[in-house]
Every structure is written in structure tokens, then in C-alpha cells.
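One letter stands for each residue in the lines below.
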Amino acid sequence: QLVESGGGLVQAGGSLRLSCGASGFSLRDYAVGWFRQAPGEDYEEVSCLSVRGDKTYYAPSVQGRFTISRDNAKNMVFLQMNNLDPVDTAVYTCAALGGISTPEAMCLIGRQGMDYWGKGTPVTVSS
């Protein structure tokens, strides 16, 4: 399973670092990613990272502000979020997918295609 942490309330312009820990399987064999769901909206992709950690994909709305990373030794994935805006308010969920060629492909597949899907951590950005 995947378990996220690090969400919370932050003012606009602030930063948060989300963490996602895996148990019961090794993340080193999977591409990983973050998705989010704002109130009343569908899930949208945020960022995805290749198995080796050498290729990334970011949604245009977060490009330049968010950074995805992984630590296979700790079996964890991270999302550093800087310069947060109220439009970033959402529940953030991490996911893992095996056998995918690129992080962009993983991000564009969507929730239904993931091998593992966490329960999410809420992020609220106040203006």
C-alpha cells in the first residue's frame, strides 16, 4: 500500500513537502506519480517520475513550482511544492505503476490504470 503524509494548511506563496511511503512491495520496480483532486473536481495529474528517476513529467500548472523525487532505498516518493497558490488546494494522492515506458504516459493514464493508489493527504492553501 501507499501512505501519504505532509499535507496541511499553508498560506499562498508558502511551501510544503509531501511524502509517500510504500509497504508490501518495492517502489524501485515502478514509475511513481502524484495526482490531486480539488473539491468538486475530477482527479488530475500533477507529476510523474520514471523508474530510474531520470525522467519527469509535470502538469503545466505546476511546472517550475513542484519537484518530484524518489528514494528507492527508503521506498519513498516526495513532492516538493513551492510558491503555492489557492488553486493548488486539493487532496494529493501518490500512485505507482509498473511496465510503463514514460512518466508522461503514466500521468496521462489516470487513476484507473494505476497498480497502487494511496488514500491521499489534504493540502489547503489560503489567500
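Just above sits the structure.
Residues numbered from 1 in each chain as written. Predicted model: local features only at pLDDT ≥ 70, side-chain atom pairs only at ≥ 80, totals over all residues. Heavy atoms only, no water.

S.K.: Give a detailed account of the side chain of Asn75, specifying residues and quantitative values.
M.R.: Inspection of the secondary structure assignment puts Asn75 in the loop between β7 (66-71) and β8 (76-81). Every residue in contact with Asn75, bar those within four places of it in the chain, is listed here: Cys20, Gly21, Ala22, Phe25, Ser26, Leu27 and Arg28. (Helix = DSSP H or I, 4+ residues; strand = E, 2+ residues; numbered from the N terminus. Contact = heavy atoms within 4.5 Å.)

S.K.: Run through the pairing of strand β4 (residues 31-37), naming residues and quoting values.
M.R.: Remember that side chains alternate between the two faces of the sheet whenever the strand is regular. Buried residues dominate β4, accounting for six of its seven residues. One ladder, built from seven bridges, connects β4 with strand β9 (residues 90-97); its direction is antiparallel. Looking at β9, one finds that Val32 is bridged to Ala96. Sheet topology note: the β4/strand β5 (residues 43-49) ladder contains six bridges and is antiparallel. Bridge pairing in β5 places Gln37 opposite Tyr43. Between β4 and β5, which pair antiparallel and follow one another directly, the connecting turn spans five residues, one of which, Gly40, has a positive phi of 75°. (Buried < 20%, exposed > 50% of the residue type's maximum accessible area, 1.4 Å probe, protein only. Pairing = 2+ DSSP bridges.)

S.K.: Tell me about the pattern of salt bridges, residues and numbers included.
M.R.: According to the stated counting rule, one finds four salt bridges in the structure shown. With a closest N to O distance of 2.6 Å, Arg36 and Glu44 form a salt bridge. Glu44 sits in the partly exposed class, given a relative accessible area of 34%. In this structure, the salt-bridge partner of Arg65 is Asp88, at a minimum N-O distance of 2.7 Å. (Salt bridge = Lys/Arg side-chain N within 4 Å of Asp/Glu carboxyl O.)

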